[in-house]
Amino acid sequence: MANKLKLILSESAPTGDFATVCLIGDGARIVPRLEKAEAASLIAAMGKAQFTGKSGKTLTLYNEDSTYLLVGIGESLEAGLDAETIGGKLFAALETTAQKRGHMPDHGLAEDVMADLLFGARLAAYHFEEYFTETDSAKESVSLSVTASGINDEHALIQDRNALFEGVAMARDLVFEPANKLYPEVFAERCKTLAPLGLEIEVLDEPAMQKLGMGALLGVGQGSRRESRLVVMNWKGGGDEAPVALVGKGVTFDTGGISLKPAKGMEDMKWDMGGAAAVTGAMCALAGRKVKRNVVGVIGLVENMPDGNAQRPGDVVTAMSGKTIEVINTDAEGRLVLADALHYTETRFKPRAMINLATLTGAILVSLGKEYAGMFTNSNELAALLSAAGERTEEKLWQMPMGEAYDKMLKSHIADMKNIGGPYGGSITAACFLERFVEKTPWAHLDIAGKAWSDKSTPTVPKGGTGFGVRLLNRLVDEWKDVKRNEK
Ligand code: BES
Ligand code: ZN
Ligand code: ZN
């Protein structure tokens, strides 16, 4: 990961050629206290440029000896998404100034507003540059010095947002990595780097999974030269309470297997581990923030390749739960990985709830486009918690139906079930398949196939790997309330 933004929190203004960053409210209201003459000339310049302080609009003014970067905040600036968006826009505008250096004098803003604004700026400044051999660091780096009363690097809110940023950045990095560099073993090694945060990390290799009877997960990985892995990340911040479990699909590359995908766009399947990345990033953030809860993250890591040892359409595999699956389409592999990961998690950890994330189906893009992730659940109470967390982090979820009529479509003539349903409702039958591997726990499945990668940037999410899910899960754990399954 690289961050284009150097943030300096300091009580005094830096010396040198810095743009003065001013937030401007509706009606060209100058938020920081400036000297009278300085304010008067700014007001005159804003008038000329017809800059009124509308939220998110920016204006850069240059004269012989100073530069001003004005950022509109509208009526007022609230903590949360509002402040993050302004921070993101501030970064983007600062990057286009001649100096690429700014100083924000004290604005007298609340500490949570400042912390969120700076968090937004950092999210916007994320970029992945691992594989460029030439980087012009002088050209790329932007610095922002901030003077705000009470705000420094040790401030609890700044540290909290920094830990959350680290989690988002880790997930984005994992998603950006190409599949020749990031395969199951390498992903597992990255997880191990989280141990210093106080996370217990366990890595199960193929013999260990064989012993547990994970035939569904192992069947997907058997056509790859790369070995499969299952990683458990355990955060024990909540004493002896049952944990909330987060489970992720980590297909480091999905060729489709013998049911080979078309060539066009296949490169996108390097991010078929977006669910596992979200779980890993969330564990990083929760541990970094030292949350007082127990949370366990479990990710199934495999590569879906079509070699001579690959599983064939029609093969029957036995999952860890003992159920048999007829693999009709080897490209419906994510559900096979999750079947074993979910059963393992439920039986070993007896979690209070289980939430899995997966880039599971192309069909979810057909139904919801790229705005919402699909949510499938056996608990309306869990749906309400997740939806609220999604709205507050702008990682939005839309609940989809499930039920017996869909579940029936998984009937097989030679095994307990087949791994695909009929031609329609593909995301729903996939969810029904997963539900068959959850016995009694409140559970939700988030299909993030439309959200893990983005071709468009927003103020706080640059193009590419989005890290979708990290902020949502982090918020969910913060606002956790116990949930029950729906009555049958
Ligand atoms: N990884 C894909 C789903 C996917 C598609 C993720 C597009 C991101 C973008 C998944 O493993 C898959 O191939 N699903 C199939 C299922 C089908 C064979 C029933 C699909 O969606 O076509
Ligand atoms: Zn697939
Ligand atoms: Zn897949």
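Bear in mind that the values here come from a model prediction, so they are computed numbers and not experimental data.

About the criteria used
Residues numbered from 1 in each chain as written. Chains lettered and ligands numbered in written order. Predicted model: local features only at pLDDT ≥ 70, side-chain atom pairs only at ≥ 80, totals over all residues. Heavy atoms only, no water. Helix = DSSP H or I, 4+ residues; strand = E, 2+ residues; numbered from the N terminus. Contact = heavy atoms within 4.5 Å. Areas by Shrake-Rupley, 256 points an atom, 1.4 Å probe, with all protein chains shown as cover. Lys, Arg positive; Asp, Glu negative; His and termini not counted. Charge placed at Lys NZ, Arg CZ, Asp CG, Glu CD. Domains from an automatic or database assignment. Buried area = accessible area lost by both parts, 1.4 Å probe. Salt bridge = Lys/Arg side-chain N within 4 Å of Asp/Glu carboxyl O. Polar contact = N/O pair within 3.5 Å; in protein donor to acceptor, adjacent residues only side chain to side chain. Nonpolar A, V, L, I, M, F, W, Y, C, P; charged D, E, K, R; others polar. Donors = N, O, S within 2.8 Å, 3.2 Å for Na, K, Ca; no water. Tetrahedral: all angles 85-135°; square planar, octahedral: opposite > 155°, others 65-115°. Pairing = 2+ DSSP bridges. Buried < 20%, exposed > 50% of the residue type's maximum accessible area, 1.4 Å probe, protein only. Near = heavy atom within 4 Å. Axes fitted to C-alpha atoms, helices over the stretch in contact; angles between N-to-C directions.

**What about the overall build of the chain?**
In step 1: For the chain, the count of helices and strands is 15 helices and 22 strands.
In step 2: Expressed as a percentage of contacts within the chain between residues at least 6 apart in sequence, the contacts between residues at least 24 apart total 78%.
In step 3: Surface summary for the chain: the accessible area is close to 20700 Å², and the carbon and sulfur share equals 50%.
In step 4: When the 54 positive and 64 negative side-chain charges of the chain are each reduced to one mean point, those points stand 3 Å apart.

**What about the domain arrangement of the chain?**
In step 1: Taken domain by domain, the chain consists of domain 1 (2-150) and domain 2 (160-478).
In step 2: Centre-to-centre separation of domain 1 and domain 2, based on C-alpha positions: 38 Å.
In step 3: Of the residues lining the interface, 17 residues belong to domain 1; the matching set on domain 2 comes to 21 residues.
In step 4: In total, domain 1 and domain 2 occlude about 1700 Å² of area from one another, counting both sides; carbon and sulfur atoms represent 65% of this.
In step 5: Looking at the side of domain 1 facing domain 2, the largest losses of area belong to Phe119, Leu123 and Tyr126, adding up to 37% of the total buried there.
In step 6: Taken together, domain 1 and domain 2 are joined by two salt bridges.
In step 7: The closest approach of N and O atoms between Glu84 and Arg471, which form a salt bridge, is 2.8 Å.
In step 8: For the pair domain 1 and domain 2, the number of links is six residue pairs in polar contact (both at pLDDT 80 or more).
In step 9: Every element with two or more residues in the side of domain 1 that touches domain 2 is listed here: helix H2 (81-95) and helix H3 (111-125).
In step 10: Top element by residues in the side of domain 1 that touches domain 2 is H3. It accounts for seven residues.
In step 11: Residues belonging to the side of domain 1 that touches domain 2 are distributed by class as follows: eight nonpolar, four polar and five charged.

**Observations regarding the coordination of the zinc ion (ligand 2)**
In step 1: The protein atoms that coordinate the zinc ion (ligand 2) are Asp254 (OD), Asp331 (O), Asp331 (OD) and Glu333 (OE), at distances of 2.0 to 2.2 Å.
In step 2: Coordination geometry of the zinc ion (ligand 2): the six donor atoms subtend angles of 71 to 166 degrees at the metal centre, consistent with an arrangement described as irregular.
In step 3: When the donors of the zinc ion (ligand 2) are listed by position in the chain, the intervening gaps give D-x76-D-x1-E.
In step 4: Here the zinc ion (ligand 2) and the zinc ion (ligand 3) are spaced 3.2 Å apart, linked through Asp254, which binds each one.

**Some remarks on the sheet that holds strand S19 (residues 417-418)**
In step 1: With mixed pairing, the three strands of this open sheet are ordered in space as S14-S15-S19. Only two strands of the sheet have a single neighbouring strand rather than two, namely strand S14 (315-318) and S19.
In step 2: Pairing of S14 with strand S15 (residues 324-327), which is carried by four bridges, proceeds in the antiparallel orientation. Bridging across to S15, Asp315 finds its partner in Val327.

**Notes on the pattern of salt bridges**
In step 1: All chains considered together, the criterion is met by 24 salt bridges.
In step 2: The closest approach of N and O atoms between Arg229 and Glu185, which form a salt bridge, is 3.8 Å. Residue Arg229 is located in strand S11 (residues 229-236), and its partner Glu185 is located in helix H6 (residues 184-192); the two are separated by 44 residues in the primary sequence.
In step 3: Between Glu227 and Arg229 there is a salt bridge; the shortest N-O distance is 3.0 Å.
In step 4: Residue classification places Arg229 among the buried residues on the basis of a relative accessible area of 12%.

**Digging into the coordination of the zinc ion (ligand 3)**
In step 1: Distances from the zinc ion (ligand 3) to its protein donors, Lys249 (NZ), Asp254 (OD), Asp272 (OD) and Glu333 (OE), fall at 1.9 to 2.5 Å.
In step 2: In this structure, the zinc ion (ligand 3) is surrounded by six donor atoms whose angles at the metal cover 77 to 173 degrees, and the resulting shape is octahedral.
In step 3: Ordering the donors of the zinc ion (ligand 3) by residue number gives the pattern K-x4-D-x17-D-x60-E.

**Quick look at the site of ligand 1**
In step 1: Taken together, the neighbourhood of ligand 1 is formed by 16 residues, with Lys261, Asp272, Asp331, Glu333 and Gly362 sitting nearest.
In step 2: Across the complex, the protein chains shield 77% of the 510 Å² of accessible surface that ligand 1 would expose by itself.
In step 3: In terms of residue class, the shell around ligand 1 is built from five nonpolar, four polar and seven charged.

**Quick notes on the side chain of Ser454**
In step 1: Secondary-structure assignment places Ser454 in strand S21 (residues 453-454).
In step 2: A polar contact of 2.6 Å, which involves the side chain of Ser454, links it to the backbone oxygen of Lys456.
In step 3: In this view, Ser454 contacts Lys463, Gly464 and Thr466; residues no more than four positions away in its chain are not counted.

**A few points about the sheet that holds strand S12 (residues 244-254)**
In step 1: Across the sheet, eight strands lie side by side as S10-S11-S13-S12-S16-S20-S17-S18; this open sheet has mixed pairing. The outermost strands of the open sheet, each flanked by one partner alone, are strand S10 (200-204) and strand S18 (397-399). Taking each pair of neighbouring strands and ignoring which way they run, the sheet shows an average axis angle of 20 degrees.
In step 2: Direction of pairing for S10 relative to S11: antiparallel, over a ladder of five bridges. The residue bridging Val203 from the neighbouring strand is Val231, located in S11.
In step 3: Contacts from H6 reach S10, S11, S12 and strand S13 (294-304), with the element oriented near 160 degrees to S13.
In step 4: Along the sheet face, helix H12 (residues 380-393) touches strand S16 (353-358), strand S17 (373-377), S18 and strand S20 (443-447) and points at about 155 degrees away from the line of S17.

**Side note on unusual backbone geometry**
Leave glycine aside and you will find that most residues have negative phi; peptide bonds, for their part, are mostly trans.
In step 1: Non-glycine residue Gln50 carries a positive phi angle of around 55 degrees.
In step 2: Here Gln50 lies in the loop between helix H1 (36-49) and strand S5 (58-62).
In step 3: By relative accessible area, Gln50 is classed as exposed at 68%.
In step 4: Here the phi dihedral of Lys290 falls at roughly 55 degrees; this positive angle occurs in a residue that is not glycine.
In step 5: Using a relative accessible area of 55% as the deciding quantity, one classes Lys290 as exposed.

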